Each structure stands twice: as structure tokens, then as C-alpha cells.
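Take a look at the letters that make up each chain.
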Amino acid sequence: MRVLLIGGAGYIGAHCALAFLDRGYRVGIFDNFSTGSMDNIPSGCEVYTGDINNVDQLNPVLSLGWDGVVHLAALKAAGVSMTEPEIFARNNISGSLNIICGCSEHAIKHIILSSSAAVYGEPKYLPIDEQHPTNPENYYGYTKLSIEGHLDWFDRLKGLTYASLRYFNAAGYDLQGRMQGVERDPANLIPVVMETAAGIRSELQIFGNDYDTADGTGIRDYVHVTDLAAGHVLALEYLVETQTSITVNLGSQSGLSVLEILDKSREVSGKSIPARISDRRLGDPAKLVASSAKARELLGWEAQYSDLDTIIASTWEIYKGFVK
Ligand code: UDP
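Bear in mind that the values here come from a model prediction, so they are computed numbers and not experimental data. (Residues numbered from 1 in each chain as written. Predicted model: local features only at pLDDT ≥ 70, side-chain atom pairs only at ≥ 80, totals over all residues. Heavy atoms only, no water.)

A. Looking closely at helix α1 (residues 11-22). Compared with the 16 Å implied by 1.5 Å per residue over 12 residues, the 17 Å span of α1 between its first and last C-alpha is a close match. Of all 12 residues in α1, nine are buried; the element is thus mostly enclosed. Within α1 the residues assigned to the buried category are Ile12, Gly13, Ala14, His15, Cys16, Ala17, Leu18, Ala19 and Phe20. Contacts from the buried residues of α1 go to β1 (2-6), β2 (26-31), β4 (68-71), β6 (161-167), β7 (169-171) and α7 (225-242). Following α1 by one or two positions, glycine 24 has its phi on the positive side, about 90°. (Helix = DSSP H or I, 4+ residues; strand = E, 2+ residues; numbered from the N terminus. Expected span 1.5 Å × (residues − 1). Buried < 20%, exposed > 50% of the residue type's maximum accessible area, 1.4 Å probe, protein only. Contact = heavy atoms within 4.5 Å.)

So, in C-alpha cells, the structure goes:
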């Protein structure tokens, strides 16, 4: 089986590459390397450099005969999507349409989309299942919802089956230490905590401690990236076997607060990790936790590595190499 990971040189894509290789797939990676890195790509992958917005680069690669495509090529900074929607429209929406049309035209039967919990917006109930209303609070979330809608039409019209995987908070690193690249200029909590522990930045800002949660800080559902990656392999196998599209959450079904992440990171790293409370970040809900019942039922997927210790320890293993 041959799978093409579009955007496969990024953090999640490269972990997916490991999971597919481990399972015996032949893996191709198409990436423009704007945020991804060649260092992330495991040996054994075929690498194609190109941009999803350039169909002259994309289509020849799609024509090479793939059993499935995983689409991970997206911008993800929700804040930026609110001030610069044009670049999100071009990359996330136009670029995705190029991929979807290209898959259809080159008779690729299955596509897996990196979708996001951001499609749900402010939760109306917890844990969030896939029936929860979709009402994105930011344009980034809307781009993902819109792509899901196009995929649904291409399934109906062209029989292109899809798995839309709605990720919660991806975290952690490959437990065998095969992934060494770190994100440049991260904004997510765990890499920011790690950069502070490593002395790359001077302090962590805790965005609010007056939420309606036990310790007052925001609670999120952190899912280990190796668990996420396993979900992609299972999703492709599900599509091949059933020829039926699915939309599923990938989350750990448990919530961790900012302070729990910080305390564990201090313990694991042995560093003081300076932190101060600052204002809430706009659009941040108090608590987001996934129901992963559907992924368990349809895919047989279970989060195995998404406990706090494994997430923080596997991340510090990488970041300790950057201590200043
Ligand atoms: N957060 C924080 N300081 C940071 C980054 C994040 O306090 O520098 C908090 C944020 O308010 C949220 C949680 O950490 O409660 C996770 O945020 P992140 O940006 O990692 O993911 P999100 O859930 O917003 O996609």
C-alpha cells in the first residue's frame, strides 16, 4: 500500500509517516517546507517538494498511483486567521480544493483530513461528541469545516471516501526518539512551557486563572501525537475496508489544566519555569474535552500514550537538547 502525506514534513505529518512506515506502508511526502522540516522526515520516505497552491507541482505527484492521501497541509494559528483571513482562504481552502479535485481526477479513492476541534466553537456540553453543533469561533475552524463540506460533496458525487479526523490538542513526541525537530516560534502551551524550561524564552504567560475550573486555568484535552498518528493508519484501513466516509474526534477524553501541565513540566525537567498570570486570551473556552467513543467503536482506536507523564516526559526528551 502506498500513502501520500501532503504536509508530511510537519510535526503531526512526520509522526504519521513513522506510523505508516511501521505498519509496512510505502510513504510519500509532499511539502512546501514553509513550516515543515526535512529533518523531521524519516528515512525511507519519497520526498516531493511543492506547494498545494501550485497544481503544476501537485498534480504530477497525485498521478503517481496512491492508495490514499493524508491532507495535513494547513495553517493553524487561529489568532492569525482572524487578522489575515486571505492567507487562510488561499492556503487552507483553495489549496484543499486543489487536493480534493486532484484526488478525484487521479482516481485516488481515499483521503484523510487533519480537521480540528475548532470546528465546534464554544462547547455547549462536555465531553464534545461528533453530534455537537459546529459553530467555529475563528476563521481557521471555519476553513476546516468548509473542507469537510467539500469532501462530503465529493463523496456523494465522485465516490471519494474520506475520514475527517477532528484533533484535540496534539502533544508529545515519538517515544523512540526518532523525531528531533521542534516547531519554530510556537504558540501552543506545551512547546511554550518547554521553551521556557530550556531557557529559550524567559517566562510562560498563563492566560487567565479565573476560569470556572478547579484551579482557575484553562482545561484542554491533550492527545499524544503517536496516538493521533495511529488514528490515521486505522482510518485509512477503515476506508479501504468499508468504503464509507467518517468524521471522528481524536482526543484523550480527559482534561488537563495549564497549571497541571506546568507543575508536571517543572517536575520532569527539574527547571523552575518562571510563569506569570496574564489576561485571558480572546476566544479561549474554559474547558474542552472530547468524547472519543466513536473512534473507539468504528476504528478500534484507543489513546495509549496520552497521559500527562508520557506527554511531558517525551516532549522534554527533545527540548532538553536545546537547553541554553
Ligand atoms: N495557554 C497559556 N499560555 C500560553 C499558551 C496557551 O496559558 O502561552 C493556555 C490557553 O489559554 C489554553 C491552553 O493553554 O487554556 C491550551 O492552549 P493552546 O494554544 O496550546 O491550544 P488551544 O486549545 O488554544 O488550541
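B. Structural view of the layout of surface pockets. Its boundaries defined by the atoms lining it, the second largest pocket holds a volume of some 430 Å³. Ala19, Thr226, Ala230, Gln304 and Tyr305 are, among the 20 residues lining the second largest pocket, the residues nearest its centre. Those elements giving two or more residues to the lining of the second largest pocket turn out to be α1 and α7. In terms of residue count, the dominant contributor to the lining of the second largest pocket is α7 (six residues). Its residues placed into classes, the lining of the second largest pocket shows nine nonpolar, five polar and six charged. (1 Å grid on protein atoms, 1.4 Å probe; cavity = no way out; pocket = protein on both sides within 12 Å on 5 of 7 lines; lining within 4 Å. Points joined across faces, edges and corners; volume = space filled by probe spheres on them. Nonpolar A, V, L, I, M, F, W, Y, C, P; charged D, E, K, R; others polar.)

C. View of the packing of aromatic side chains. Taken as a whole and assessed by the stated rule, the structure comprises seven aromatic pairs. Here the aromatic rings of tyrosine 139 and tyrosine 142 are separated by 6.0 Å at their centres, their planes lie at 25°, and the arrangement is stacked. With tyrosine 139 and tyrosine 142 both in helix α5 (residues 139-158), this residue pair falls three residues apart, about one helical turn. The partly exposed category is assigned to tyrosine 142, whose relative accessible area is 41%. Here tyrosine 319 and phenylalanine 322 contribute two aromatic rings whose centre-to-centre distance is 6.3 Å and whose plane-to-plane angle is 50°, an arrangement assigned as tilted. Ring pairing ties together the aromatic residues Tyr11, Tyr173, Tyr319 and Phe322, which thus form one cluster. Taking NZ or CZ as reference, arginine 2 lies 4.0 Å from the ring centre of tryptophan 66, over its face. (Phe/Tyr/Trp six-rings, centres within 6.5 Å; stacked < 30°, edge-to-face > 60°. Lys NZ or Arg CZ within 6 Å of the ring centre and 35° of its normal.)

D. Spatial organisation of the site of the ligand. The environment of the ligand is made up of 15 residues, and the closest members are Leu189, Gln205, Arg220, Arg281 and Asp284. The separation between an oxygen atom of the ligand and a polar side-chain atom of asparagine 188 is 3.2 Å. Contacts to the ligand include phenylalanine 207, whose backbone N or O atom sits 2.9 Å from an oxygen atom. Coverage of the ligand by the protein chains reaches 86% of its 520 Å² of free accessible surface. If you list the elements that add at least two residues to the shell around the ligand, you get α6 (189-197) and β8 (204-207). The residue inventory of the shell around the ligand, partitioned by class, reads eight nonpolar, four polar and three charged. (Near = heavy atom within 4 Å. Polar contact = N/O pair within 3.5 Å; in protein donor to acceptor, adjacent residues only side chain to side chain. Areas by Shrake-Rupley, 256 points an atom, 1.4 Å probe, with all protein chains shown as cover.)

E. Main features of the pairing of β8. Alternating residues of β8 divide into Leu204 and Ile206, all buried, and Gln205 and Phe207, none buried. As judged from the four bridges shared by β8 and strand β13 (residues 275-278), these two strands associate in the parallel manner. The residue bridging isoleucine 206 from the neighbouring strand is isoleucine 277, located in β13. (Pairing = 2+ DSSP bridges.)

F. Geometry of the pattern of salt bridges. With the rule as written, the count across this model stands at 17 salt bridges. The salt bridge involving glutamate 46 is made with arginine 26; its shortest N-O contact spans 3.5 Å. Here arginine 26 lies in strand β2 and glutamate 46 lies in strand β3 (residues 46-49), a separation of 20 residues in the sequence. If you follow the salt bridges from partner to partner, you end up with Arg2, Arg26 and Glu46 in one network. (Salt bridge = Lys/Arg side-chain N within 4 Å of Asp/Glu carboxyl O.)

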